[in-house]
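Residue strings, one per chain:
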Amino acid sequence: MHSNKKLLVSHAPFWHDGTSLSAKYYNIMLVALIPTIAGILTYGTPALGVVCLSISTAIIWEYLMNRVSRQPISIGDGNAALIGLLLAMMFPATMPWWAVIVGTFVAVVIAKGIFGGLGANPFNPVVISVAILMVSWPDFLDFNYMLANYDTGFNMAYPMVSAKYFGTGTIAGFSTMDLLLGRQAGGLGTTFGLGIIIAGIYLMARGYIRWEIVVSFLAGVFVTALLFNMGDSTQYAGPMFHLLSGYTLMGAVFLATEDSSSPVNFIPMLIYGACGGLLTVLIRNIGVYPDGVIFAVLIINLVNPLVDKIRPKAMGRVA
Amino acid sequence: MIKRPFFGLVAPQLEYAGLDTAGAPQEVPAPSRITLFVDAPLNRTDSLMIAKGDAVKRGQKVVPFANSPAYTVSPRGGTIASIVSYTGNFGKKLTAVVIEVDENTEADNKFAEAGKTPSKESAAEFLGAIPGGLPRELVDVETVPETVVVAGADEDFLSVTRQYTISSNMEGVKRGVEILKKITGAKNIVLAVPGPLAAGASSAGAEVKTVGDQYPAANPHMIAKDCLGKVIPAGKSCADEGIVFISPEAVAAVGQAYAEGTVSDRKLVTVVKKSGEKKLLSAVIGTAVGEVLAACNESVDENDRLVLGGPMTGDAVYTESYPVCTDTDLILVQDATQIPDVADNACINCGACVRICPARIPVNVLIRYLEAGSYGDAADNHDLLSCIECGLCSFVCTAHIPIFQYIKLGKYEFARSIAAEADNAQ
C-alpha cells in the first residue's frame, strides 16, 4: 500500500476560513492610523517622532524578549507594532524619548512577555504601561504641563482637568464638533474622536473587535455621566463630553477590546464593557484622577476571568 | 474553500452544497486488484484462516481470523495476493486483504441461500460490507434501536453522494426501508433529507424530516436534536440513545440484497478535483483511490493532500493505493498550494470558536486544558465530551491552532484513561 510519492497528511479540518493573527493586527493598525495621522497633523514632527520611536522600540523589545525566552521570533504577527502604535497614541506629542522607550519596555516585556507572550497577558499591555508611567512620572501624562507651549489655534486646556477641578463652566467652550474633530488637548492619537469612531465601526463590522464590548462600554459611560449630570450639572459634565474627551473612545475601541484580557461570551462582554464605562466616569467624577479610563480598564481586566464564567450550558451537559 | 466574508459582525453562515449534478455517475473501470479492510488487528499470524494464494469467489465472505467475527465481503472474485497490517488514525489497527481480481470466477451463493427470508442474523452475517456501510447497532440481536435515521443529507461540505442516492434511487431506498422495518423492529424509521429533496422523499414509506442547509445541520447529533428533539447527553453516542444512522446507499443495498439475492459491489463517490470541479463516480469497493482519480483525469503530486470523507471531518491518507471503502462518500484532492497551514501559536482568546460552536462549548478555555494535557479536567469541567466533532473551531481559529485535533486526541486519551482505571479496579 505504500508509494514513494509523499502526500501531506494532517488532521481535519482541511479548510480554513483565511483569518490570521497578522491580518487582525495589521487591520487594527491600519485604522488606528486615522486618528494618529490627525494627531501628527496637529502636533507636527514631534508627534511623528513619538509614533516612530514607540513602534520601533516595541518591535525591538519583542525581538529581544523572543531571543531571551528562546521563543520563535514573533514580530511578524504585528502585535508588538500594534502595542507600540496604541501606546504612542496615548502619549502627548512632547513625550521624552526615554519615557517612550520605558513605556514600550513595560508594555512588551513586563506586561506581555513575562506572562508568556501573545494571548497570555491577563491585562492589556498598553494600559499597564500607561498606568505605570502615570503613577511614576505623573507630569509626562499631564497634558496641560506637557503641551503648555504648543500653539495649535484652539483651547489647549486639557478638558478632563478643567471639568474635574473647575466645573462645567470652563468646558462650555468645547462644542461636540470640536471634540469630534480633535480640537482639544490630549494624547496625540486620542483626540480625533471622529477618526476613532470610524476605526471602531470598521473593526466591529469586520469582526476584528467585539462590538458588544465597545457598545456596552460607551453605554456605561453615557448612562453614568448622564446620571451625574442630572444630579449636579454645574459640577459634573454631560454624557457627550465624557464620551468624546480624554481616553474614552480610545478605551472603548482599542483598549477594552484587547482579546486576551476581555471576555468572549455575550453576557459577560456586556457586563465587562458596562462596568468599564461606569468605572471610567466614577473615577473621573469622584476619584482622584482626571481621566479614569486606564484604571477602569485595568479593573475590568481583573474581573474578566470571573465574569466570563457566565456562559450558556453546553449541549448535552448533564450536571 | 469557503473563506471568511469581508464583514464579520456575526458568525458566518456556511451552506451545504446542493445537488447540482443530475447526470448519471461515471463508472470507474473494474480494477485488477482490490484492497479490503477488516476491522481487526493483524497480530498473530497463527490464527489466520486465509492465506496468500487462496481463491475467493465473487461476493464471498472473507473471515481472516479464527478468533474474531470481523469479516469483509469480496466484491470481485480472484486470489488473495497479500494480507497486511494497516494502522489508521489514533493507532487503530486494521487488516488489509489484497485480492488479485479474476473476472471469470463464479459468484458465491451462500447469501442467496441464507438470505431468502430477511432477518437480522443474515444481515449481520453477510451484509457487513455493503456500500454505505451497515451500522453494527442496527443488526445487533441483543438490542432494538428506537429510531433508525436514513441520513439523506451529506454530513460534510462538498459531498453530494447521499443526496444523489435519494434523488435517483428512491425505489431502492423504499425497498430497503421496508426490509429494515421488518428486520430491525425499530419503532420509527426517519428519512432525514435536505429541504429541496423533501418532496420527492415522501414516497419512501418513512417519516420525512428536513435537515437545515447550514453546516453542521446534517451532523448526527444535530439531526437528533433538531429533527428528533432529542439532545444526546455528553459522552454518549447517538446509538447509545437508541438512534442509529444509516446511509441511503446502504438502505438501497439492503433492499437489493434481499430482493435479488446479490449484494451491490459499487460505491458512489463524489470526487472534488484541485480545480474545485465536482464529479460523481461509482467504483468497485476496494478500488485504489488513485485509480478513481485517474478515471476523472486528476493527478496527485508530491506534497498534495488526499482527503477521504470531507474537508471538515474527513481523514487525510498518505497513499493513493488507499482503497475506496464502504463509507467513502467523498474524495477531495488539495493542491500543495491550497493547503492552509496550522501553527503552534497560543490561543489569543478572540472567541471566534466560542461564537461558532454548535454545542456551546467554551472552546477558549477547553483548549488550554487540552494543550496542557489535562484531559480529565477537560472532560469533567470543560465540556470536552459535548463536542459533536464538526471541526468548525479549527476552521475559524485566528491563531490557526489545530483545536479539532486536540479535541479528538483529548477524547481518545480520556477514554483510554477510563479504560485503564476500569482495568485496575478489577
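Residues numbered from 1 in each chain as written. Chains lettered and ligands numbered in written order. Predicted model: local features only at pLDDT ≥ 70, side-chain atom pairs only at ≥ 80, totals over all residues.

**With respect to the overall build of chain A**
Here is step 1 of the chain: Across its full length, chain A carries 14 helices and zero strands.
Here is step 2 of the chain: Its helices and strands in sequence order give chain A the pattern α-α-α-α-α-α-α-α-α-α-α-α-α-α, from N to C terminus.
Here is step 3 of the chain: For chain A, the spread of C-alpha atoms along the principal axes amounts to about 85 × 50 × 30 Å.
Here is step 4 of the chain: Counting all 319 residues of chain A, 56% fall into the buried class.
Here is step 5 of the chain: Restricting to contacts in chain A with at least 6 residues of sequence separation, those with at least 24 account for 73%. (Helix = DSSP H or I, 4+ residues; strand = E, 2+ residues; numbered from the N terminus. Buried ≥ 20, exposed ≤ 12 C-beta atoms within 10 Å, placed from the backbone. Contact = placed C-beta atoms within 7 Å.)

**Things to note about the overall build of chain B**
Here is step 1 of the chain: What chain B contains, in helices and strands, is 13 helices and 16 strands.
Here is step 2 of the chain: If you line up chain B on its principal axes, its C-alpha atoms span 65 × 55 × 50 Å.
Here is step 3 of the chain: When burial is assessed residue by residue, chain B has 50% of its 426 residues classed as buried.
Here is step 4 of the chain: The contacts of chain B with a sequence gap of at least 6 include a subset with a gap of at least 24, amounting to 68%.

**Some thoughts on the packing of helix 9 (residues 193-205) of chain A against helix 12 (residues 248-255) of chain A**
Residues and elements named next belong to chain A.
Here is step 1 of the chain: Contact geometry for helix 9 and helix 12: axes closest at 10 Å, N-to-C directions at 20°. Relative to helix 12, helix 9 is oriented roughly parallel. At the point where helix 9 passes helix 12, the crossing takes the left-handed sense. Residues Gly193, Ile196, Ile197, Ala199, Gly200 and Leu203 of helix 9 form the contact with helix 12, whose participating residues are Leu249, Met250 and Val253.
Here is step 2 of the chain: When its residues are assigned to classes, the contact of helix 9 with helix 12 shows seven nonpolar, two polar and no charged. (Axes fitted to C-alpha atoms, helices over the stretch in contact; angles between N-to-C directions. Parallel < 35°, antiparallel > 145°, perpendicular 65-115°, else oblique. Left-handed = near helix turned anticlockwise from the far one by under 90°. Nonpolar A, V, L, I, M, F, W, Y, C, P; charged D, E, K, R; others polar.)

**Section: the environment of Leu306 of chain B**
Here is step 1 of the chain: Relative to the assigned elements, Leu306 of chain B resides in strand 14 (residues 305-308).
Here is step 2 of the chain: Not counting residues up to four positions away in its chain, the partners in contact with Leu306 of chain B are Leu7 of chain A together with Val289, Val300, Ala316, Val317, Glu320 and Val333 of chain B.

**Observations regarding the sheet that holds strand 2 (residues 33-38) of chain B**
Residue and element names in this part refer to chain B.
Here is step 1 of the chain: The four strands are arranged 2-7-6-3 in an open sheet whose pairing can be described as antiparallel. Strand pairing shows two members of the sheet lacking a second neighbour, strand 2 and strand 3 (55-56), which therefore form its edges.
Here is step 2 of the chain: Bridge analysis of strand 6 (residues 78-87) against strand 7 (residues 93-101) gives nine bridges, and the strand direction is antiparallel. Residue pairing in the sheet places Ile80 in a bridge with Ile99 of strand 7. (Pairing = 2+ DSSP bridges.)

**A word on the nonpolar core**
Here is step 1 of the chain: Ranked by internal contacts, the top residues of the largest apolar core, which has 232 residues, are Val150 and Ala192 of chain B.
Here is step 2 of the chain: In contact with Ala192 of chain B, not counting residues within four places along its chain, are Val149, Val150, Ala151, Gly152, Ala153, Lys209, Val211, Ile223 and Cys227 of chain B. (Core = buried A, V, L, I, M, F, W, Y, C linked by C-beta atoms within 7 Å.)

**Describing unusual backbone geometry**
Here is step 1 of the chain: A cis amide bond links Ala12 of chain A with the next residue in sequence, Pro13 of chain A, at an omega value of -5°.
Here is step 2 of the chain: On the secondary structure map, Pro13 of chain A appears in the segment before helix 1 (21-43).
Here is step 3 of the chain: Cis geometry is adopted by the peptide bond preceding Pro216 of chain B, which originates at Tyr215 of chain B and carries an omega value of 0°.
Here is step 4 of the chain: By the secondary structure assignment, Pro216 of chain B is in the loop between strand 10 (207-211) and helix 6 (220-226).
Here is step 5 of the chain: Of note, the phi angle at Asn303 of chain B is positive, near 70°, even though the residue is not glycine.
Here is step 6 of the chain: Residue position: Asn303 of chain B is located in the loop between helix 8 (289-295) and strand 14.
Here is step 7 of the chain: The exposure class of Asn303 of chain B is partly exposed, given the 14 C-beta atoms found within 10 Å.
Here is step 8 of the chain: Its identity as a non-glycine residue notwithstanding, Asn349 of chain B has a phi of 70°, on the positive side.
Here is step 9 of the chain: Its place among the elements puts Asn349 of chain B in the loop between strand 16 (330-334) and helix 9 (352-356).
Here is step 10 of the chain: Classification of Asn349 of chain B by C-beta neighbours within 10 Å gives buried; the count is 24.

**Some words on the interface of chain A and chain B**
Here is step 1 of the chain: Chain A puts 44 residues into the contact, and the matching count from chain B is 64 residues.
Here is step 2 of the chain: Listed by contribution, the elements that provide at least two residues to the side of chain A that touches chain B are helix 1 and helix 9 of chain A.
Here is step 3 of the chain: A class-by-class count of the residues in the side of chain A that touches chain B yields 19 nonpolar, 15 polar and ten charged.

**Remarks on the confidence of the model for chain B**
Here is step 1 of the chain: Of the residues in chain B, 99% have a pLDDT of 70 or more, and the chain-wide mean is 91.
Here is step 2 of the chain: Reported confidences for the modelled complex are a pTM of 0.94 and an ipTM of 0.92. (pLDDT = per-residue confidence, 0-100.)

**What to know about the pairing of strand 16 of chain B**
Residue and element names in this part refer to chain B.
Here is step 1 of the chain: The buried count for strand 16 comes to five of five residues, which makes it a mostly enclosed element.
Here is step 2 of the chain: Along strand 16, one buried face is formed by Leu330, Leu332 and Gln334 and the opposite face, lined by Ile331 and Val333, is buried too.
Here is step 3 of the chain: Bridge analysis of strand 12 (residues 266-272) against strand 16 gives three bridges, and the strand direction is parallel. The residue of strand 16 that forms the bridge with Thr270 is Leu330.
Here is step 4 of the chain: Where strand 14 lies against strand 16, four bridges are found, and the strand directions are antiparallel. What sits directly across from Arg305, in strand 16, is Gln334.

**Concerning helix 12 of chain A**
Here is step 1 of the chain: With respect to burial, helix 12 of chain A is a largely interior element, eight of its eight residues being buried.
Here is step 2 of the chain: Looking only at helix 12 of chain A, the buried set comprises Thr248, Leu249, Met250, Gly251, Ala252, Val253, Phe254 and Leu255 of chain A.

**Re the sheet that holds strand 10 of chain B**
What links the strands of a sheet is backbone hydrogen bonding, and the strands pair in either a parallel or an antiparallel sense.
Residues and elements named next belong to chain B.
Here is step 1 of the chain: Strand order in the open sheet formed by four strands is 10-9-8-11, with parallel pairing between adjacent strands. The sheet is open, and its two borders are formed by strand 10 and strand 11 (243-246), each paired with just one other strand. Taken over all neighbouring pairs, the strand axes of this sheet differ in orientation by 30° on average, direction set aside.
Here is step 2 of the chain: Bridging between strand 8 (residues 147-151) and strand 11 involves four bridges; their strand directions are parallel. Following the sheet pairing, Val148 is matched in strand 11 by Val244.

**Quick look at the packing of helix 1 of chain A against helix 3 (residues 79-90) of chain A**
Residue and element names in this part refer to chain A.
Here is step 1 of the chain: The geometry of helix 1 relative to helix 3 is characterised by a closest axis approach of 10 Å and an angle of 20° between their N-to-C directions. If you check the angle between helix 1 and helix 3, you find them roughly parallel. As helix 1 packs across helix 3, the resulting crossing turns out to be left-handed. Contacts between helix 1 and helix 3 involve Tyr25, Ile28, Met29, Ala32, Pro35 and Thr36 from the former and Asn79, Ala81, Leu82, Leu85, Leu86 and Met89 from the latter.
Here is step 2 of the chain: Here the contact of helix 1 with helix 3 is built from residues that sort into ten nonpolar, two polar and no charged.

**Some points on the environment of Ser299 of chain B**
Residue and element names in this part refer to chain B.
Here is step 1 of the chain: Mapped onto the elements, Ser299 comes out in the loop between helix 8 and strand 14.
Here is step 2 of the chain: When the 12 C-beta atoms within 10 Å are taken as the criterion, Ser299 is described as exposed.
Here is step 3 of the chain: Linking Ser299 and Val254, residues 45 residues apart in sequence, is a C-alpha distance of 34 Å.

**Let's talk about helix 4 (residues 170-184) of chain B**
All names here are of chain B.
Here is step 1 of the chain: Between its terminal C-alpha atoms helix 4 stretches 20 Å, which fits the 21 Å expected from 15 residues at 1.5 Å a residue.
Here is step 2 of the chain: Within the sequence span of helix 4, burial applies to Gly172, Val173, Arg175, Gly176, Val177, Glu178, Leu180, Ile183 and Thr184.
Here is step 3 of the chain: Buried positions along helix 4 lie against helix 2 (120-126), strand 8, helix 3 (161-168), strand 9 (188-194) and helix 7 (248-260).
Here is step 4 of the chain: Positive phi appears at Gly185, one or two residues downstream of helix 4, with a value of about 75°. (Expected span 1.5 Å × (residues − 1).)

**What about the environment of Ala201 of chain B?**
All names here are of chain B.
Here is step 1 of the chain: Relative to the elements of secondary structure, Ala201 occurs in helix 5 (residues 198-201).
Here is step 2 of the chain: On a C-alpha basis, the gap between Ala201 and Leu191 in space is 7.6 Å, while along the polypeptide they are ten residues apart.
Here is step 3 of the chain: If we ignore the near neighbours within four places in the chain, the residues touching Ala201 are Gly152, Ile166, Leu191, Val193 and Val208.

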